[in-house]
Amino acid sequence: MTFLRCLLLPILFLLSACGDAVPEGQSARILAMGDSLLAWHSLAGKSISDTVSRELQEPVVDRSVSAARILYKLPVSGAAGMNIGKQYTPGEWDWVIVNGGGNDLWLGCGCFACDRKMNRLISSDGRTGAIPAMLIGLRETGAKVIYVGYLRSPGVGSLIEHCRDEGNELEARITRLASQEEGIFFLSNKDLVPYGDRSYHAADMIHPSVKASHEIGRKVAQIIQEN
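Please read all numbers here as calculations on a predicted model, not as lab measurements. (Residues numbered from 1 in each chain as written. Predicted model: local features only at pLDDT ≥ 70, side-chain atom pairs only at ≥ 80, totals over all residues. Heavy atoms only, no water.)

## Side note on the overall build of the protein
When helices and strands are counted, the protein shows 9 helices and 5 strands. A total of 227 residues make up the protein; the buried ones form 51% of that total. Considering only intrachain contacts with a sequence separation of at least 6, the fraction spanning at least 24 residues in the protein is 73%. Working note: accessible area of the protein is about 10600 Å², and carbon and sulfur atoms make up 55% of it. (Helix = DSSP H or I, 4+ residues; strand = E, 2+ residues; numbered from the N terminus. Buried < 20%, exposed > 50% of the residue type's maximum accessible area, 1.4 Å probe, protein only. Contact = heavy atoms within 4.5 Å. Areas by Shrake-Rupley, 256 points an atom, 1.4 Å probe, with all protein chains shown as cover.)

Right, dumping it as structure tokens:
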């Protein structure tokens, strides 16, 4: 592990999930795992998972960690949550909310020449790769799964604007997976942000604003209520 990464990890974990507490006498049936899309605003109690919890009036255990990846090899930090699959903890889960893959493409290959990385995440038909293996494994526990798609930049001032095509392809493949597997739901946020509207992003123009986290959380809760 590099010295810079050693310095960054404590910050990342401070930004990660704080939604683990379950009120006494009440068991949780919803688990969240993923990267900063889910973890953002957790310290303020305004993350996507916090909104789901408020909408459904029940606890959500959130294990998401900022900067986490699907493909992550370092054992210690991976086990601590930087590997999204290893965020899973056994429980009587009815639902698992998941996201991920964006950091693998943006940080892993800069969203350039990412075909090999994309295929390792998920094949073009949605049947093989790390993402299908993780989601099907979660389904085998008996839980239903909601995979939450990423926000798109509004076309102004974002460091990830050039990742749009890769994001679209990743989520097209996840859509194919969800169409083939009962109990896996894909929530697209591709069209959530109107062009030129900065209000759905935090100041860095990458992560969701409180407004966006609320909107996404409300949609996740609706899927749970209807299924």
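## Topic: helix H3 (residues 48–56)
If you check which residues of H3 are buried, you get Ile 48, Ser 49, Asp 50, Thr 51, Val 52 and Leu 56. Looking one or two residues beyond H3, the residue adopting positive phi is Gln 57, at roughly 60°.

## Looking at the pattern of salt bridges
Pairs can form between side chains of opposite charge once their charged atoms are near each other. All chains considered together, the criterion is met by 6 salt bridges. The partner of Arg 152 in a salt bridge is Glu 171, with the nearest N and O atoms 3.1 Å apart. Here Glu 171 lies in helix H8 (residues 164–180) and Arg 152 lies in the loop between strand S4 (144–148) and H8, a separation of 19 residues in the sequence. Accessibility expressed as a relative area gives 5% for Glu 171, which makes it buried. (Salt bridge = Lys/Arg side-chain N within 4 Å of Asp/Glu carboxyl O.)

## Quick notes on the packing of helix H7 (residues 130–139) against H8
Any two packed helices are characterised by the angle at which their axes cross and by the distance between the axes. Between H7 and H8, the shortest axis-to-axis distance is 11 Å and the interhelical angle comes to 35°. The handedness of the crossing between H7 and H8 is right-handed. Residues Ile 131, Pro 132 and Leu 135 of H7 form the contact with H8, whose participating residues are Leu 170, Ile 174 and Leu 177. Split into classes, the residues belonging to the contact of H7 with H8 amount to 6 nonpolar, no polar and no charged. (Axes fitted to C-alpha atoms, helices over the stretch in contact; angles between N-to-C directions. Left-handed = near helix turned anticlockwise from the far one by under 90°. Nonpolar A, V, L, I, M, F, W, Y, C, P; charged D, E, K, R; others polar.)

## Digging into the environment of Ser 53
Among the secondary structure elements, Ser 53 is positioned in helix H3. Note on Ser 53: relative accessible area 22%, which makes it partly exposed. Here the alpha-carbon distance between Ser 53 and Gly 217, two residues 164 residues apart in the chain, equals 8.6 Å. A distance of 2.7 Å separates a polar side-chain atom of Ser 53 from the backbone oxygen of Glu 58. (Polar contact = N/O pair within 3.5 Å; in protein donor to acceptor, adjacent residues only side chain to side chain.)

## Observations regarding the packing of aromatic side chains
Taken as a whole, this structure holds 1 aromatic pair when the rule is applied. Where Trp 95 meets Phe 185, the ring centres are 5.6 Å apart and the plane angle is 40°; that geometry is what we call tilted. Of the two residues, Trp 95 sits in strand S3 (residues 95–98) while Phe 185 sits in strand S5 (residues 184–187), which places them 90 residues apart along the sequence. On the basis of relative accessibility, which here comes to 3%, the residue Trp 95 falls in the buried class. Since its relative accessible area comes to 23%, Phe 185 is described here as partly exposed. (Phe/Tyr/Trp six-rings, centres within 6.5 Å; stacked < 30°, edge-to-face > 60°.)

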